Amino acid sequence: MILSEFMLRLNRWPRMHFTAIESEQRDTGIEIYAIDCTNQTKSRLLIYRTPDTQHASAMMTHFISWLEKANRGRTLRFEKAQITAVMAEQPATNLTATS
């Protein structure tokens, strides 16, 4: 998986805010999940499966880094939207010169 695939998968769930990456051992290997704990329930989105423990560890490192990047971008977009909304609410002032 590459960064663009990771972002696409997370962005399919715009109302969720993923804050962590977790792995879980299964019979077939290791499953890696993006975690959303912002609601009263913990939501998990399966993002990757691998039979190899070392590969899972390496992918978790990438996913954690990518999630931090995604959340920074989300925060910046949110702050920009707030600033735009505040500016739109303020009345426009026209400066006119009088003689």
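In this convention, every chain numbers its residues from 1, walking through the sequence in written order. For a predicted model such as this one, the threshold for reporting local features is a pLDDT of at least 70, and the threshold for listing and counting side-chain atom pairs is 80 or more; totals across whole chains, interfaces and linings nevertheless cover every residue. To get the side-chain values, all heavy atoms of the structure are used, and hydrogens and water are removed first.

Draft legend 1. Spatial organisation of the packing of aromatic side chains. Pairing of aromatic rings covers Phe, Tyr and Trp, the last counted by its six-membered ring, and requires centre-to-centre distances within 6.5 Å; plane angles under 30 degrees mean stacked, over 60 mean edge-to-face, and any other angle means tilted. Under the criterion given, the structure shown has four aromatic pairs. With a centroid separation of 5.3 Å and an interplanar angle of 10°, the aromatic rings of F6 and F63 are classed as stacked. One end of the pair, F6, is in helix 1 (residues 3–11); the other, F63, is in helix 2 (residues 53–89), and 57 residues separate them in sequence. Type-normalised accessible area, obtained with a 1.4 Å probe on protein chains alone, sets the label of each residue: buried when under 20%, exposed when over 50%, and partly exposed for intermediate values. For F6, a relative accessible area of 1% corresponds to the buried category. Across from the ring centre of Y33, 3.8 Å away, lies the NZ or CZ of R44, which sits over that ring. In this text, helices come from DSSP runs of H or I with a minimum length of four residues, and strands from runs of E with a minimum of two, each type numbered from the N-terminal end. Both a distance and an angle decide whether a charge sits over a ring: NZ of Lys or CZ of Arg must be within 6 Å of the ring centre and within 35 degrees of the ring normal.

Draft legend 2. Structural context of the confidence of the model for the protein. Residue-level confidence of the predictor, termed pLDDT, takes values from 0 up to 100. Here the protein averages 83 in pLDDT, while 77% of its residues score no lower than 70. The least confident element of the protein is helix 2, whose mean pLDDT is 80; the most confident is strand 2 (residues 29–36), at 95.

Draft legend 3. The arrangement of the nonpolar core in detail. Definition of nonpolar core: a set of buried residues of the types Ala, Val, Leu, Ile, Met, Phe, Trp, Tyr and Cys, connected through side-chain atoms within 4.5 Å. Ranked by internal contacts, the top residues of the largest apolar core, which has 19 residues, are F6, I21, I32, I47 and F63. Broken down by secondary-structure element, the contributors of at least two residues to this core are helix 1, strand 2, strand 3 (43–50) and helix 2. No other element matches the seven residues that helix 2 contributes to this core. Here a residue-residue contact requires only that any non-hydrogen atoms of the pair lie within 4.5 Å. Ignoring any residue separated from it by four or fewer positions in sequence, one finds F63 in contact with M1, F6, I21, I32, I47 and Y48.

Draft legend 4. Representation of the pairing of strand 1 (residues 20–26). Note that strand 1 and strand 2 share seven bridges and pair antiparallel. Within the sheet, the bridge partner assigned to I21 lies in strand 2 and is A34. In this description, strands pair whenever DSSP reports at least two bridges between them.

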